[in-house]
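Examining the three-dimensional arrangement
Letter by letter, the chains look like this.
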Amino acid sequence: MISLLLLLLIIYLGYKLPKSMRRYWHSRHTLFSKYDEGILMDKESWYSVTPESIAEHIAQKFLEKLGSDAVVVDIMSGAGGNTIQFAKKFPLVFTVEMDPKRAYMAQHNAAIYECDNIEYIIGDCTKCINDRWKADGVFLSPPWGGPSYASKETFKMMDLKPDGDILMKIAHGISPNISCFLPRNTDEEDIKELAMKYTEDGVCEMEEHIVQNRVKTIATYFGDLIKNKD
């Protein structure tokens with residue numbers, strides 16, 4: 001049971017957020033159901049963390065398509081929302097995060113969910129990942145450039161940093177089974193071009209995530225993540 005002191009601290013931290021960020025505060029339990037147990041997030045994490053129900057859904061899809069003994073790499077893992085859900089379903093998860101502060105937050109948050117099967121790599125994914133890295137599946141959750149992405153009519157894969165082509169090349173070197181978490185207004189033609197370039201059959205799947213009767217985000221899937229596993 002949450003203590004009164006911790007409850008007061010949580011309320012205080014909510015009011016310390018800039019007014020423009022308080023709408024995210026009201027969704028804190030959507031981002032992490034165990035938020036009140038001491039979850040840590042920085043400003044960027046408030047609008048970058050995958051809502052827990054969506055992260056759990058994506059991890060479940062990995063499980064159904066790749067099997068329970070799969071090893072997953074979570075690139076640009078931030079505060080650990082997706083990493084935690086993968087760790088709850090797979091024996092080993094590798095997570096790559098460039099910001100040491102966010103890597104610490106992810107490790108702290110994973111401990112709250114009692115996940116101790118995660119290997120944390122702190123570094124730039126464009127430099128620390130090489131062709132010796134191999135796994136069964138890769139998840140990409142790159143920064144979208146802040147909340148301003150929603151004001152664009154179409155979000156281009158080149159707007160990602162690193163851009164979508166570089167990220168897909170890195171991920172494909174690890175595994176052909178890739179998922180990328182993207183804004184709802186992402187250009188579908190960009191995704192199709194990446195599928196043509198990085199898959200044998202040019203096929204990809206785009207999945208919309210609906211929250212409160214509106215499309216919130218999308219996920220793309222490549223390789224065995226869109227094929228029935230015999």
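The structure contained in this document is the topic of the report that follows. Note that the structure is a prediction, hence the values are computed from the model and not measured.

Cut-offs used in this document
Residues numbered from 1 in each chain as written. Predicted model: local features only at pLDDT ≥ 70, side-chain atom pairs only at ≥ 80, totals over all residues. Heavy atoms only, no water. Helix = DSSP H or I, 4+ residues; strand = E, 2+ residues; numbered from the N terminus. Expected span 1.5 Å × (residues − 1). Contact = heavy atoms within 4.5 Å. Pairing = 2+ DSSP bridges. Axes fitted to C-alpha atoms, helices over the stretch in contact; angles between N-to-C directions. Buried < 20%, exposed > 50% of the residue type's maximum accessible area, 1.4 Å probe, protein only. Polar contact = N/O pair within 3.5 Å; in protein donor to acceptor, adjacent residues only side chain to side chain. Left-handed = near helix turned anticlockwise from the far one by under 90°. Nonpolar A, V, L, I, M, F, W, Y, C, P; charged D, E, K, R; others polar. Salt bridge = Lys/Arg side-chain N within 4 Å of Asp/Glu carboxyl O.

Regarding helix α7 (residues 100-112)
- Over its 13 residues, α7 runs 19 Å from end to end, which matches the ideal 18 Å to within 8%, given 1.5 Å per residue.
- Where α7 is buried, its residues contact α4 (43-48), α6 (81-87), β2 (92-97) and β3 (118-122).
- Positive backbone phi, at 60°, marks glutamate 114, one or two positions downstream of α7.

Side note on the sheet that holds strand β4 (residues 137-140)
- Spatially, 7 strands are ordered β3-β2-β1-β4-β5-β7-β6 in an open sheet, and the strand pairing comes out mixed. With partners counted over all chains shown, the strands left at the sheet margins are β3 and β6 (205-211), one partner each. The mean angle between the axes of side-by-side strands here comes to 20°, regardless of whether they run parallel or antiparallel.
- Relative to β3, β2 runs parallel, the two being bridged by 5 bridges. Each bridged residue has a counterpart across the sheet, and for valine 96 the counterpart in β3 is isoleucine 121.
- The strands that helix α5 (residues 52-66) touches are β1 (71-75), β4, β5 (178-183), β6 and β7 (214-221); relative to β6, the one it contacts most, it runs at about 145°.

Some details on the environment of aspartate 163
- Secondary-structure assignment places aspartate 163 in the loop between β4 and α9 (164-174).
- On the basis of relative accessible area, aspartate 163 is assigned to the partly exposed category, the value being 25%.
- A C-alpha to C-alpha distance of 8.9 Å links aspartate 163 and proline 142, two positions 21 residues apart in sequence.
- When residues no more than four places from it in sequence are discounted, the contact partners of aspartate 163 are Met157 and Met158.
- In this structure the side chain of aspartate 163 is engaged in a polar contact, spanning 3.0 Å, whose partner is the backbone nitrogen of isoleucine 166.

Description of the side chain of lysine 61
- Within the element layout of this structure, lysine 61 appears in helix α5.
- Setting aside anything within four residues of it in sequence, one finds lysine 61 in contact with Glu205, Glu207, Tyr221 and Leu225.

Some words on the packing of α9 against helix α10 (residues 188-198)
- At a closest axis distance of 11 Å, the pairing of α9 and α10 adopts a crossing angle of 35°. Here α9 runs over α10; the crossing is right-handed. Across from Gly164, Asp165, Met168, Lys169 and His172 in α9, the residues of α10 making contact are Leu194, Lys197 and Tyr198.
- Of the residues belonging to the contact of α9 with α10, the class tally is 3 nonpolar, 2 polar and 3 charged.

Details of the pairing of β7
- Sheet topology places β5 next to β7; 5 bridges connect them, and they run antiparallel. When the bridges of β7 are listed, leucine 182 appears paired with isoleucine 218.
- The sheet contact formed by β6 and β7 spans 7 bridges and is antiparallel. What sits directly across from glutamate 207, in β7, is alanine 219.
- Counted between consecutive antiparallel strands, the loop separating β6 from β7 contains 2 residues, among which glutamine 212 sits at a positive phi close to 50°.

Describing the side chain of threonine 95
- Relative to the assigned elements, threonine 95 resides in strand β2.
- Threonine 95 sits in the buried class, given a relative accessible area of 3%.
- In this structure, threonine 95 is in contact with Asp74, Ser77, Thr83, Ile118, Glu119, Tyr120 and Ile121, ignoring residues within four places of it in sequence.

Some remarks on the pattern of salt bridges
- Inspection of the entire model under this criterion finds 9 salt bridges.
- A salt bridge links aspartate 187 to lysine 156, with the nearest nitrogen and oxygen atoms 2.7 Å apart. Of the two residues, aspartate 187 is situated in the loop between β5 and α10 and lysine 156 in the loop between β4 and α9; the sequence distance between them amounts to 31 residues.
- For aspartate 187, a relative accessible area of 16% gives the class buried.
- The exposure class assigned to lysine 156 is partly exposed, which follows from its relative accessible area of 27%.
- Notably, a salt bridge pairs lysine 156 with aspartate 190, separated by 3.2 Å at the nearest N-O pair. Of this pair, lysine 156 sits in the loop between β4 and α9 while aspartate 190 sits in helix α10, and the two are 34 residues apart along the sequence.
- Given a relative accessible area of 10%, aspartate 190 falls into the buried group.
- Shared partners join several salt bridges into a network, and the residues in it are Asp42, Glu44, Asp99 and Arg102.

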